[in-house]
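So you can see what is in the structure, the chains are spelled out below.
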Amino acid sequence: MARILAIDYGGKRCGIAVTDESKIIASGLTTVNTKDLLSWLKEYVSKEVVELFVVGEPKRLHGAPSESEKLIQPFLEKLVKELPDIPVKRIDERFTSKIAFDTMIASGISKKKRRDKALVDQISATIILQDYLYNL
């Protein structure tokens, strides 16, 4: 059985989340430096069966693409070229960082750990993936 992998793409680092093989549970996996993301994904799919990439689509409040989208598009072009057998779906990621931060507070994570932007990115990727699974 295959997994679904979600990416919260950022200028410096990207949060990664993945489903279980039954595609029921979304879990944070890791955070990867953006410059290493494509090679990390190629390595991951050489070991695990991935049927779909879900990539966050940053939008402004009124629905227009945010400035971050300019960084994501070149990555997506490379991703499709390098791993053409795995389709890519985009999911609106508005408010995922805020939801991730609120989730950290609600779960009792210390202030020191809440400052860890890598953890916020990983939780954001998990939220993107949960949103995708919920809307299947």
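As shown above, the structure is provided for reference.
Residues numbered from 1 in each chain as written. Predicted model: local features only at pLDDT ≥ 70, side-chain atom pairs only at ≥ 80, totals over all residues. Heavy atoms only, no water.

**Student:** Hey, could you run me through the overall build of the protein in this one?
**Tutor:** Helix and strand counts for the protein come out as five helices and five strands. Counting from the amino terminus, helix and strand elements in the protein follow one another as β-β-β-α-β-α-β-α-α-α. Relative to the compact-globule value of 14 Å for 136 residues, the protein shows a C-alpha radius of gyration of 14 Å, a close match. Reported as C-alpha extents along the three principal axes, the dimensions of the protein are approximately 40 × 35 × 30 Å. Looking at the protein residue by residue over its 136 residues, the buried ones come to 40%. Relative to all contacts within the protein whose residues are 6 or more apart in sequence, the contacts with residues 24 or more apart total 61%. Carbon and sulfur atoms provide 54% of the accessible area of the protein, an area that totals close to 7,900 Å². (Helix = DSSP H or I, 4+ residues; strand = E, 2+ residues; numbered from the N terminus. Rg over C-alpha atoms; globule rule 2.2 N^0.38 Å. Buried < 20%, exposed > 50% of the residue type's maximum accessible area, 1.4 Å probe, protein only. Contact = heavy atoms within 4.5 Å. Areas by Shrake-Rupley, 256 points an atom, 1.4 Å probe, with all protein chains shown as cover.)

**Student:** In this structure, what is going on with the sheet that holds strand E2 (residues 13–19)? I would like to understand it.
**Tutor:** Think of a sheet as strands paired side by side through backbone hydrogen bonds, with each pair either parallel or antiparallel. Read from one edge of the open sheet, five strands run E3-E2-E1-E4-E5, paired in mixed fashion. The open sheet terminates on both sides in strands that have one partner only, identified here as strand E3 (26–33) and strand E5 (88–92). The mean inter-strand angle of the sheet, taken between neighbouring strand axes irrespective of direction, is 25°. In this structure, strand E4 (residues 50–57) lies alongside E5, joined through five bridges in parallel fashion. Following the sheet pairing, Gly 56 is matched in E5 by Ile 91. The strands touched by helix H2 (residues 69–82) are strand E1 (3–8), E4 and E5; relative to E5, the strand with the most contacts, the crossing angle is about 160°. (Pairing = 2+ DSSP bridges. Axes fitted to C-alpha atoms, helices over the stretch in contact; angles between N-to-C directions.)

Geometric values such as these leave the question of function open.
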